[in-house]
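Notes for the structure review
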Amino acid sequence: APNSEHESNPPPPGGGSFGADHSRVRLVSMIFAVAFFAAAVAVISIRGAGLHTIPIDGAYYLAKAESLGRLEGLRVPWGSGIDTKFFPGLSILLAGPVRLVGLPWGWILVESACVLASAWLIMRLGRRLHLRAIGCATAAAAFCCDPLVMKWSSIPYSEMPAVIFTLAAVEYALAAKES
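Think of each chain on its own: its residues are numbered from 1, step by step along the sequence as written. Local features in this predicted model are restricted to residues of pLDDT 70 or higher, and side-chain atom pairs are both shown and tallied only at a pLDDT of 80 or more, whereas totals for entire chains, interfaces and linings draw on every residue. Values shown for side chains rest on all heavy atoms present in the structure; no hydrogens or waters enter the calculation.

Here the focus is helix H5 (residues 105–128). The end-to-end C-alpha distance of H5, which contains 24 residues, comes to 34 Å, matching closely the 34 Å that a straight helix rising 1.5 Å per residue would cover. Each helix is a run of H or I in the DSSP string that is no shorter than four residues. Each strand is a run of E no shorter than two, and both are numbered from the N terminus. Just downstream of H5, histidine 130 is the residue with a positive phi angle, here 65°. Here, expected helix span is obtained from the residue count minus one, scaled by 1.5 Å.

Now for the packing of aromatic side chains. The rule is short: rings of Phe, Tyr and Trp, with Trp giving its six-membered ring, pair when the centres are within 6.5 Å, and they are stacked under 30 degrees, edge-to-face over 60, tilted in between. Under the definition given, this model contains 5 aromatic pairs. Ring centres 5.0 Å apart and planes at 45° place the aromatic pair tyrosine 60 and phenylalanine 86 in the tilted group. Of this pair, tyrosine 60 sits in helix H3 (residues 56–69) while phenylalanine 86 sits in the loop between H3 and helix H4 (89–101); the two residues are 26 residues apart in sequence, bridging distant segments of the chain. Per residue, the accessibility class of tyrosine 60 equals that of phenylalanine 86, and both read buried. When the ring of tryptophan 152 is compared with that of tyrosine 157, the centres are 5.4 Å apart and the planes differ by 20°; the resulting orientation is stacked. Residue classification places tryptophan 152 among the partly exposed residues on the basis of a relative accessible area of 27%. Throughout, exposure labels follow a simple rule: accessible area from a 1.4 Å probe, protein chains only, divided by the maximum for the residue type, with under 20% read as buried, over 50% as exposed, and the rest as partly exposed.

As a further point, take the packing of H5 against helix H8 (residues 159–178). Helix axes are fitted to C-alpha atoms over the stretch in contact, other axes to C-alpha atoms as well, and angles between N-to-C directions run from 0 to 180 degrees. Viewed as axis vectors pointing N to C, H5 and H8 meet at an angle of 25°, and their least axial separation amounts to 9 Å. When the interaxial angle is binned, H5 and H8 end up roughly parallel. Where H5 crosses over H8, the handedness of that crossing is left-handed. Seen from H5, the contacting residues are Glu111, Cys114, Val115, Ala117, Ser118, Leu121, Ile122, Arg124, Leu125 and Arg128; seen from H8, they are Met160, Pro161, Val163, Ile164, Leu167, Ala168, Val170, Glu171, Leu174, Ala175 and Glu178. Three classes are used, and their members are as follows: Ala, Val, Leu, Ile, Met, Phe, Trp, Tyr, Cys and Pro are nonpolar, Asp, Glu, Lys and Arg are charged, and the others, Gly among them, are polar. Per-class residue counts for the contact of H5 with H8 are 15 nonpolar, 1 polar and 5 charged. Should an angle lie under 35 degrees it is considered roughly parallel, over 145 roughly antiparallel, and from 65 to 115 roughly perpendicular; all remaining angles are considered oblique. Here a crossing is called left-handed whenever its near helix is offset anticlockwise from the far helix by less than a right angle, and right-handed whenever the offset is clockwise. When checking whether two residues touch, look at their non-hydrogen atoms; a contact exists if any pair is within 4.5 Å.

Here we take up the nonpolar core. Nonpolar cores were defined as sets of buried Ala, Val, Leu, Ile, Met, Phe, Trp, Tyr and Cys residues, with membership established by side-chain atoms within 4.5 Å. Among the nonpolar cores identified, the biggest contains 35 residues, and Leu94, Val115, Phe143, Cys144 and Met160 are the most heavily contacted of them. Counting residues per element, the ones that place at least two in this core are helix H2 (18–49), H3, H4, H5, helix H6 (133–144), helix H7 (147–153) and H8. The greatest single-element share of this core, amounting to 10 residues, is contributed by H5. Setting aside residues up to four positions removed in sequence, methionine 160 forms contacts with Glu111, Cys114, Val115, Ser118, Phe143, Val149 and Ser153.

Mapped onto the fold, serine 118 is located in helix H5. Apart from the residues lying within four places of it in its own chain, the contact partners of serine 118 are Phe143, Met160, Val163, Ile164 and Leu167.

Cis geometry marks the peptide bond from leucine 103 to proline 104; its omega dihedral reads 0°. Note on placement: proline 104 falls in the loop between H4 and H5. We note that leucine 71 has phi near 65°; this positive angle belongs to a residue other than glycine. Relative to the helices and strands, leucine 71 is located in the loop between H3 and H4. We note that histidine 130 has phi near 65°; this positive angle belongs to a residue other than glycine. Note that histidine 130 resides in the loop between H5 and H6. Judged by its relative accessible area of 70%, histidine 130 is exposed.

A word on the confidence of the model for the chain. Each residue carries a pLDDT score, the predictor's confidence in it, ranging from 0 to 100. Scored by pLDDT, the chain has a mean of 88; 89% of the residues are at 70 or more. In the predicted structure, residues 4–8 sits below a pLDDT of 50 and forms 3 contacts with residues beyond four places in sequence or in another chain. The low-confidence segment residues 11–16, where pLDDT is below 50, has 3 contacts with residues more than four positions distant or belonging to other chains.

Encoded structure:
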C-alpha cells in the first residue's frame, strides 16, 4: 500500500514534478482571481463614475467625508450640520481618498479596495479550510463578480466594509481555534 500521496499518484507524463504542477495551479488560480477582480473593478468604476444621483445614504457619507477631509469634523452642509443617523466609520474611511482624488474616484477606490480585501480574505479562509488553490480562487472570483457585490460597491455605501469585518472576524476566529 502506498504510504504517501506521491506514491499513490504517479508523476505526470513528460517527467513533470508535483511541486511544479502545484506551483502552476497556484499561479493559474491567482491569475484567474486577479482577472475577475479586474473585471469587477472595471464594472464598479464604470457604474460609479456614471452615477448621476447618489442615493441619500451615500450623500450623507460623502458630505461627512468631504467635511472631515477639510478638517472641519464630521458635518453635513444642511440642517444643523449634525448627523445622528449614520455611523461615522465609512465617512472616516472615505475622507482621505476623497480629499486626495476627489469624487467619484475617492469612494470608487475605497469600495474597490474593499472588494479586493474581501476576495483576499475569502481565499485565506479557503486555504485555512484546506481547499485547493483553484477552489479558493473560484470562490474569490465568484464573490468579485456577484452582481450584488458590484452594485453595492459602485455606490458609497457601508456594505463592503461590513463584509470585510465579517470575513476578518471569521478568519481570526478560525486562527484562534487553530492556535
